[in-house]
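Each chain, letter by letter, is given below.
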Amino acid sequence: MLSYYFEDNIPLFGCSLCGKCDGFIESTSLIHIKNRGCCWYFPKYTLMDLKNILSIGRVDFIHELKENEKTVISNYHLEVKGYFDEEGYNNYGVKTIEDFDTKLFFRLCPFSTEKGCSIDFKLRPHPCNLYLCRKVIDYCGDEYRMFSKERRDYYSYMNYFNELLKRELIDKKIDLIKDFDKTIEFISKYEVPKFEPRKLNSLSFARRAG
Ligand code: SF4
Ligand code: SF4
């Protein structure tokens, strides 16, 4: 089953196979946590991701990110670095399988636990909430089309307003490195229209998953 949820300007694809995907290339884990699904991503928070988090009143989470020793602060985004077993990867030898970068077999998101993601979906960068592996997309068949459109439209929306925000910051000569607090305050006050989500009915792929 694939479902769609949208709240506080933040979308979420809910997939009933996530966490039960042993044997999928994207979920292959050669590190200590075996059931991490595709949580090999190192969360990257764009200005618009920060804006969404500020809009739900969680400036405290942004300060936690700032204080996190794993966070790399760039001018216009924050990235929280996770675990990478470099030695394991170098010993592995194979660089790609089915066009998939095997480096990801050896990576783990810093928020991933044996019980799944440790943060609420509204505190994740948007790619986390809209990513689906190739097998799930395949199981969805043609019905995935509207989900795909929704995903693309949301990405376009986020990218467009991210770029506008960035230009405003450039004009103001501030950014996350030069003055973190002032930049966060500016992002918080900057007005951005809300995304208008589609109404998407849940789709079932249990039959195809066999
Ligand atoms: S998107 Fe695919 S690989 Fe990722 S957790 Fe879900 S089923 Fe597993
Ligand atoms: S933030 Fe959560 S959903 Fe995103 S990659 Fe990390 S553990 Fe997975």
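This text follows the structure it describes.
Residues numbered from 1 in each chain as written. Chains lettered and ligands numbered in written order. Predicted model: local features only at pLDDT ≥ 70, side-chain atom pairs only at ≥ 80, totals over all residues. Heavy atoms only, no water.

**Focus on the packing of aromatic side chains**
- For the structure shown, the criterion picks out 23 aromatic pairs.
- Seen in terms of ring centroids, phenylalanine 24 and tyrosine 139 are 6.4 Å apart; in terms of plane orientation they differ by 75°. Their pairing is edge-to-face. Remark: tyrosine 139 occurs in helix α5 (residues 134–140) and phenylalanine 24 occurs in the loop between β2 (10–15) and β3 (44–46); sequence separation between them is 115 residues.
- For tyrosine 139, a relative accessible area of 14% gives the class buried.
- Summarising the aromatic geometry, the rings of tryptophan 40 and tyrosine 131 are spaced 5.7 Å apart at their centres and angled 80° between planes, so their arrangement reads as edge-to-face. Taken together, the positions of tryptophan 40 in the loop between β2 and β3 and tyrosine 131 in the loop between α4 (126–130) and α5 put the pair 91 residues apart, joining distant regions of the chain.
- With a relative accessible area of 28%, tyrosine 131 lands in the partly exposed category.
- If you follow arginine 107 out to its NZ or CZ, it ends over the ring of phenylalanine 42, 3.8 Å from the centre. (Phe/Tyr/Trp six-rings, centres within 6.5 Å; stacked < 30°, edge-to-face > 60°. Helix = DSSP H or I, 4+ residues; strand = E, 2+ residues; numbered from the N terminus. Buried < 20%, exposed > 50% of the residue type's maximum accessible area, 1.4 Å probe, protein only. Lys NZ or Arg CZ within 6 Å of the ring centre and 35° of its normal.)

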